[in-house]
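Observations on chain architecture
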Amino acid sequence: MICSPQVVHTGFGISRAPVVQTPPIRQIGRRWTATSAARAVSVPVTAATQEEDLLADLITRALAGDEDAFRALIEPHRRELHVHCYRMLGSVDDAEDVLQETLLAAWRGLSGYEKRASIRTWLYRIATNRCLNALRAAKRRPARNWDVTAFDPPEPTRYGEVPWLEALPDVLLEGAFDVPLQPEARYEQRESISLAFITALQLLPPRQTAVLVLRDVLGFPGTEVAAMLDTTVESVASAVKRARATLAQRRPSRTDSPPAAGSRAEQALLERFVVAYEASDVEALVALLSDDVFVSMPPMPQEYLGREAATRFLRTAVTGRSFALVPTRANGQPAFGLYASLPNRPRSGSGLIVLGLARDQITALTRFEPETFPSFGLPETWPG
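Re the overall build of the chain
Across its full length, the chain carries 13 helices and eight strands. Buried positions account for 51% of the 384 residues belonging to the chain. Look at the contacts in the chain between residues 6 or more apart in sequence, and 69% of them connect residues 24 or more apart. Working note: accessible area of the chain is about 18400 Å², and carbon and sulfur atoms make up 51% of it.

Have a look at this one:
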């Protein structure tokens, strides 16, 4: 069996984005934990009426400037808001930055909360509009030129349109799906965080992305989405219709579902993949691939579509090299830290590879730069 290494992380596990240092909310950052929230709310909730009374009391205290009450209000929604920002932006780091901005804006704008919507809906409104602002302001970063000196890639099938996608460590999904999906949601939670889905979202205009996520992923009613975006229900319906049509064209249609996470079927497929990859056995690797397998390497734009193109890439990337694979998970999918052998030195991290699966085949191989390792608790080198 393949066993994942222990992931050591602090808060969100992301060290780049600074915690907002404005004095009134300096503890709102990632150092505030669910345990801290529990201490702030010492009254046990045993019935719906008690929960409603407690929520009303927290709102009253927060409006009066009580920081502990405000933290207790926002803490249950922190993880799902971070995932929401990630869906919108496609970047873990950018999502963390926008989440911090959202919490700061919520604290500063709490006096404007009129209790017409739930705290959760109110926070989603702030987060969504902050994401839209970030998307409007961002200048698209250029794709990175190929900088892997060990080999030259073969001619790609095409060049990708979303080179700056980042992988989301599964540890950041813990607690993000505690709120049940509303009846109008169209996507399962696992599907809505997959790399294929996140990539497709980045191809939509920002406002269509917002509407699709709020309506089809989270299941908010059209009236609430219209209020969040300061628009009409008709505009929301039109935007989501166009977004659905674009997604249907961009996303591969597939009837076979992936094996359940941690199941024997998944483990058996992953063990075959690891054995073949560590042995540099290209033929054994190719035997695991679907006919329409998709290989990509953000932030580098080269993409390889189909088994023949993937075979050409794997022959160049794997043949004659030695790797160790260390398991982890990203976007609800199996992933591995790749460590390449170096003469008389520990194996050096050469990238993170995330697998898309369908039944007993691999449908996607997405490689990310080794700069992602800290977020996954992976070391820079691997012994042996």
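Structure shown, so let's carry the discussion forward.
Notes on the packing of aromatic side chains
Applying the stated criterion to the full structure yields ten aromatic pairs. When the ring of Tyr277 is compared with that of Phe323, the centres are 5.3 Å apart and the planes differ by 75°; the resulting orientation is edge-to-face. Of this pair, Tyr277 sits in helix H11 (residues 264–278) while Phe323 sits in strand S4 (residues 323–330), and the two are 46 residues apart along the sequence. Its relative accessible area of 6% is what places Tyr277 among the buried residues.

Some points on the pattern of salt bridges
Under the counting rule described, the total for this entry stands at 17 salt bridges. Put simply, Glu80 and Arg120 hold a salt bridge, and the shortest N to O gap is 3.1 Å. Taken together, the positions of Glu80 in helix H4 (residues 78–89) and Arg120 in helix H6 (residues 119–137) put the pair 40 residues apart, joining distant regions of the chain. Across the pair, Arg120 and Glu80 agree in class, each one buried. When the shortest N-O distance is used, the salt bridge between Asp216 and Arg244 registers 2.8 Å.

Observations concerning the environment of Ile74
Structurally, Ile74 can be placed in helix H3 (residues 67–74). Taking the C-alpha atoms as reference points, Ile74 and Leu123, 49 residues apart in sequence, are found 8.1 Å from one another.

So, the environment of Gly349
Here Gly349 lies in strand S6 (residues 345–358). Here the alpha-carbon distance between Gly349 and Glu380, two residues 31 residues apart in the chain, equals 5.4 Å.

Re the packing of H4 against H6
Across the interface, H4 lies against H6 with an axial gap of 10 Å and an inter-helix angle of 30°. On the basis of their axis angle, the class for H4 and H6 is roughly parallel. Crossing of H4 against H6: the hand is right-handed. Residues Glu80, Leu81, His84, Cys85, Met88 and Leu89 of H4 pack against Arg120, Leu123, Tyr124, Ala127, Thr128, Cys131, Leu132, Ala134 and Leu135 of H6. Within the contact of H4 with H6, the residues separate by chemical class into eleven nonpolar, two polar and two charged.

A closer look at the state of the cysteines
As enumerated under the stated definition, the model contains zero disulfides in all. With no disulfide of its own, Cys85 has Cys131 as its nearest cysteine by sulfur position, at a separation of 3.6 Å. Here Cys85 falls in the buried class, since its relative accessible area comes to 0%.

A few points about unusual backbone geometry
Following Pro298, the chain continues to Pro299 via a peptide bond in cis, the omega torsion being 15°. Checked against the element boundaries, Pro299 lands in the loop between strand S2 (289–297) and strand S3 (300–305). Of note, the phi angle at Ser280 is positive, near 55°, even though the residue is not glycine. Considering the arrangement of structural elements, one finds Ser280 in the loop between H11 and helix H12 (282–287). Accessibility expressed as a relative area gives 18% for Ser280, which makes it buried.

A closer look at the environment of Ser290
By secondary structure assignment, the location of Ser290 is in strand S2. Residues Ser290 and Ala358, 68 residues apart in the sequence, show an inter-C-alpha distance of 8.5 Å. Not counting the four nearest positions on each side in its chain, Ser290 is found in contact with Arg307, Gln361, Ile362 and Thr363. Separated by 2.9 Å, the side chains of Ser290 and Asp292 make a polar contact.

Comments concerning the packing of H6 against helix H8 (residues 206–217)
Two numbers describe a pair of packed helices, the interaxial angle and the distance between the axes. For the pair H6 and H8, the least separation of the axes is 10 Å and the interaxial angle reads 155°. One element, H6, and the other, H8, form an angle in the roughly antiparallel class. The way H6 lies across H8 gives a crossing that is right-handed. Across from Tyr124, Thr128, Leu132, Leu135 and Arg136 in H6, the residues of H8 making contact are Pro206, Arg207, Ala210 and Leu214. A class-by-class count of the residues in the contact of H6 with H8 yields six nonpolar, one polar and two charged.

Remarks on the pairing of S2
Two elements, S2 and strand S7 (residues 361–368), share four bridges in a ladder whose sense is parallel. Pairing of Phe294 across the sheet is with Ala364, part of S7.

Remarks on the confidence of the model for the chain
Taken residue by residue, the chain gives an average pLDDT of 84. The fraction at 70 or more is 82%. This stretch, residues 1–43, has a pLDDT under 50; its non-local contacts, to residues over four places away or in other chains, come to 95 contacts.

Calculation criteria
- Residues numbered from 1 in each chain as written.
- Predicted model: local features only at pLDDT ≥ 70, side-chain atom pairs only at ≥ 80, totals over all residues.
- Heavy atoms only, no water.
- Helix = DSSP H or I, 4+ residues; strand = E, 2+ residues; numbered from the N terminus.
- Buried < 20%, exposed > 50% of the residue type's maximum accessible area, 1.4 Å probe, protein only.
- Contact = heavy atoms within 4.5 Å.
- Areas by Shrake-Rupley, 256 points an atom, 1.4 Å probe, with all protein chains shown as cover.
- Phe/Tyr/Trp six-rings, centres within 6.5 Å; stacked < 30°, edge-to-face > 60°.
- Salt bridge = Lys/Arg side-chain N within 4 Å of Asp/Glu carboxyl O.
- Axes fitted to C-alpha atoms, helices over the stretch in contact; angles between N-to-C directions.
- Parallel < 35°, antiparallel > 145°, perpendicular 65-115°, else oblique.
- Left-handed = near helix turned anticlockwise from the far one by under 90°.
- Nonpolar A, V, L, I, M, F, W, Y, C, P; charged D, E, K, R; others polar.
- Disulfide = S-S within 2.5 Å.
- Polar contact = N/O pair within 3.5 Å; in protein donor to acceptor, adjacent residues only side chain to side chain.
- Pairing = 2+ DSSP bridges.
- pLDDT = per-residue confidence, 0-100.

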